[in-house]
Amino acid sequence: MKFKKLFNRIESIKLESVTKSYGDRFAVRDLDLEVRGGELMILIGRSGSGKTTTLRMINRLIEPDSGRVSINGANVEDFDPVRLRRSIGYVIQNIGLLPHLNVSGNIGLILKLEGWDQAKIRERVSELLNFVSLPPKSFMDRYPHQLSGGQQQRIGLARALAMDPPLLLMDEPFGALDPLLRTQLQDEFCKIKKELGKTIVFVTHDINEAFKLGDRVAIMDNASLVQVGTPEELIFEPSNELVSEIVDSKRKYRHMEALKVRDMMQSLDSGYFLEGNMPAEIALRKMVDAGLEVAFVFKESGTVGKIPLNEVLKAGNTGKSLNDISKSLLVFPADASLFEALTQLKEEGESMALVLGGEMPVGLLFSDRVLQGLV
Amino acid sequence: MWNGGCLSEIPIINDVLTEVQRVWDTQLLSLRTLEHLYMFTIALFVSILIGIAVGVLIYRSPKLADPVLNGLNVVETIPDVALLVLLLPIFGIGAGPTVAASILYSILPITRNTYTGLANVPREYVEIAEALGLNPGEVLMRVRFPLALPLIAGGIRIAVVFTMGVVTLGGLIAAGGLGAALQNGIQLYDMGTILVTGAWVGLLAVILDGGAGVIENRLKVRYGTWS
């Protein structure tokens, strides 16, 4: 029997007075929330606030004790859970990949169960690997333990997209990655989010990630929804103390005038630097082997260029050198004012800049890391 | 250079080789070994089939788990000679009761390890499989079973040693095999036959156990969940 998707696009997801308790403890209490079609809705809160439980009630991994969860007006309880879940992509933190299957086995698992033939599965897996910026040839046959954390996360996303679901549920997908990698993946995800045109419900406990990725943010505490709104609404009209505490930018920015870039930068390893005349295909191998998502080159003009991994991939075997594909990059001296640096980053729509101590690069400045460091 | 000629010039080794040759010829050890491996293979094959099937069954119906495992434990506590004798009225003498006793003994380790392996697959792998939309049967076959394989192989390895022992004991009830040669040695009080056959049975057991160990380790590397 050939699989038919339960829905091709999402008009809305509604949770109405949904309650779930374990013993005498409420995991989610009387929650009302509507996710609009095409938006990225963030669920944020401390651990135990009920955000993951809420997410899992959408694809029936958890059944509510009372209340109603509906997609496009249809109660999810009326759907067969297996068909429902195959119509919804799911990405989790960390150990999402099955250790006994290689990359194409993991990505193609559901396709295989759906009776696709081998050639078609291979084609689809290649397509998805390209989409998440991993060269299919060198990754298809690897096993999860042969992959870096960032690569595993990309495979996890590719697997969630295998059936081209109109809805994605993501549970702290970048939670276990180091800051540089997380920023890079968030940037990329921001871009492909538009390309995907999918409705996404995304759980995180990182307010900076929430503001960076979310169209709207739902703040949860103690099993209840506290406030839901766009980042601006939450900042300017917080409904209570907790919300203003979580998002209050005044407090975060309070000391910023006095701080220098050097106080908030992340130090930089020389391994991130490659030769400018290196052909892209060699650089690709080096970056993939070292698990780098981004590298830098010194240009002849004396400036520094940024080389994102996906640009290297695009260049492929065209014979282009890194100099040809490097992107310009904001550069600040280590003793520049942090506030001005952040303002400039925001104006340019960039999330990262290089920090120079004299002539030498000494660190990286991530806008979202700075906010977190100041809280 | 090492070769047979060199070795046979050392008197004691020459004696041993002559004795081995004598026992091998008079006791038809080639034929006995074939008989032995034949019973061993059938018994092990059937134990694996039944053991895994019962393991899966009690995993799917947990209410049965305790009674079945307790029952198999009781079988396990019957001394093997007694079990052979108990089976005589049902199967007569010879290979039948020997193979049956081997199977009864070997089911427990395979069933127990299958059950434990299936039940103890890390929760997160099962959860992600369910979240992706695998139905319960698919979770069992595509996730739980492969991840339980190293443990199941461990159970089979124990069964290999059990089966080897019981099949050898079958010599007592005219089952043939290397046990028959050992019995002859004991009846005739022929120390050479006892020693040579005993050593050969021991060596076979070590080789088979070693082979099973290699397979078990390969499965651990391939399907282990620690990575």
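Our structure's up above, just so we're on the same page.
This write-up is about the structure you can find in this document. Sequence order sets the numbering: in each chain, residues are counted from 1 along the sequence as written. For this description, chains carry letters from A and ligands carry numbers from 1, given in the order in which they are written. This being a predicted model, a pLDDT of at least 70 is required before a residue's local features are given, and a value of 80 or more before pairs of side-chain atoms are given or counted; all residues contribute to the totals for chains, interfaces and linings. As a rule here, side-chain values cover all heavy atoms of the structure and leave hydrogens and water aside.

**With respect to the interface of chain B and chain A**
Stated precisely, the cut-off is as follows: In what follows, a contact means two residues having at least one pair of non-hydrogen atoms within 4.5 Å. Joining two parts hides part of their accessible area as seen by a 1.4 Å probe, and the buried area is that hidden amount summed over both. Throughout this description, the term salt bridge denotes a Lys or Arg side-chain nitrogen within 4 Å of a carboxyl oxygen of Asp or Glu. Whenever a nitrogen or oxygen atom comes within 3.5 Å of another N or O atom, the pair is scored as a polar contact, on the condition that within protein one atom can donate a hydrogen and the other can accept it, and that pairs from neighbouring residues in sequence are kept only if both atoms are in side chains. Strands are runs of DSSP state E lasting at least 2 residues, helices are runs of H or I lasting at least 4, and numbering of each runs from the N terminus. Asp, Glu, Lys and Arg are counted as charged, while Ala, Val, Leu, Ile, Met, Phe, Trp, Tyr, Cys and Pro are counted as nonpolar; the rest, among them Gly, fall into the polar class.
Facing 20 residues of chain B, the contacting portion of chain A comprises 21 residues. Summing both sides of the interface, chain B and chain A together bury roughly 2,000 Å²; the carbon and sulfur share of this comes to 65%. Scanning the region where chain B abuts chain A turns up two salt bridges. We note a salt bridge from A:Arg56 to B:Glu127, for which the minimum N-O separation is 3.4 Å. At the surface where chain B touches chain A, the tally comes to five residue pairs in polar contact (both at pLDDT 80 or more). If you list the elements that add at least two residues to the side of chain B that touches chain A, you get helix H7 (123-132), helix H8 (136-169) and helix H10 (191-223) of chain B. No other element matches H7(B), which puts seven residues into the side of chain B that touches chain A. Along the lines of polarity and charge, the residues of the side of chain B that touches chain A split into nine nonpolar, five polar and six charged.

**A word on unusual backbone geometry**
All names here are of chain A. Put simply, the test is: The cut-offs for exposure are 20% and 50% of the maximum accessible area for each residue type, with area from a 1.4 Å probe on protein chains only; residues under the lower value are buried, those over the upper are exposed, and the others partly exposed.
The residue Asp30 is not glycine, and still its phi comes out positive at about 45°. Within the fold, Asp30 resides in strand S2 (residues 25-36). Even without being a glycine, Asn72 presents a positive backbone phi close to 50°. For Asn72, the location among the structural elements is in the loop between strand S4 (66-71) and strand S5 (74-75). A relative accessible area of 31% places Asn72 in the partly exposed class.

**Some thoughts on the nonpolar core**
For the record, the criterion: Note on terminology: a nonpolar core comprises buried Ala, Val, Leu, Ile, Met, Phe, Trp, Tyr and Cys residues joined through side-chain atoms within 4.5 Å.
By size, the foremost hydrophobic cluster in this structure holds 118 residues, and its most contacted members are A:Ile71 and A:Phe189. Counting residues per element, this core draws most heavily on helix H8 (residues 179-196) of chain A, which supplies seven residues. If we skip the residues at most four places from it in the chain, A:Phe189 touches A:Leu40, A:Leu157, A:Met170, A:Phe174, A:Ile200, A:Phe202 and A:Leu213. The next biggest cluster of nonpolar side chains, apart from the first, holds 20 residues, and it includes B:Val23, B:Ala159, B:Leu178 and B:Val196.

**Points about the packing of aromatic side chains**
The relation between two aromatic rings is expressed through the spacing of the ring centres and the mutual angle of the planes. Residue and element names in this part refer to chain A. So the rule is basically this: Here is the rule: rings of Phe, Tyr and Trp (six-membered ring for Trp) pair when centre to centre is within 6.5 Å. Planes less than 30 degrees apart are stacked, more than 60 are edge-to-face, and the remainder are tilted.
Throughout the structure, instances matching the rule amount to six aromatic pairs over all chains. Aromatic side chains Phe174 and Phe189 sit 5.9 Å apart centroid to centroid with 75° between the ring planes, which places their arrangement in the edge-to-face category. Residue Phe174 is found in the loop between strand S7 (167-171) and H8, and its partner Phe189 is found in helix H8; the two are separated by 15 residues along the sequence. According to the relative accessible area criterion, Phe189 is buried, its value standing at 2%. Taken together, a centroid distance of 6.1 Å and an interplanar angle of 50° make the contact between Phe174 and Phe202 tilted. With Phe174 in the loop between S7 and H8 and Phe202 in strand S8 (residues 199-204), this residue pair connects regions lying 28 residues apart in the sequence. As far as the burial class goes, Phe174 and Phe202 line up, both buried. The rings of Phe174, Phe189 and Phe202 are connected pair by pair, giving a single aromatic cluster.

Note that all results are geometric; they support no functional claim without further evidence.
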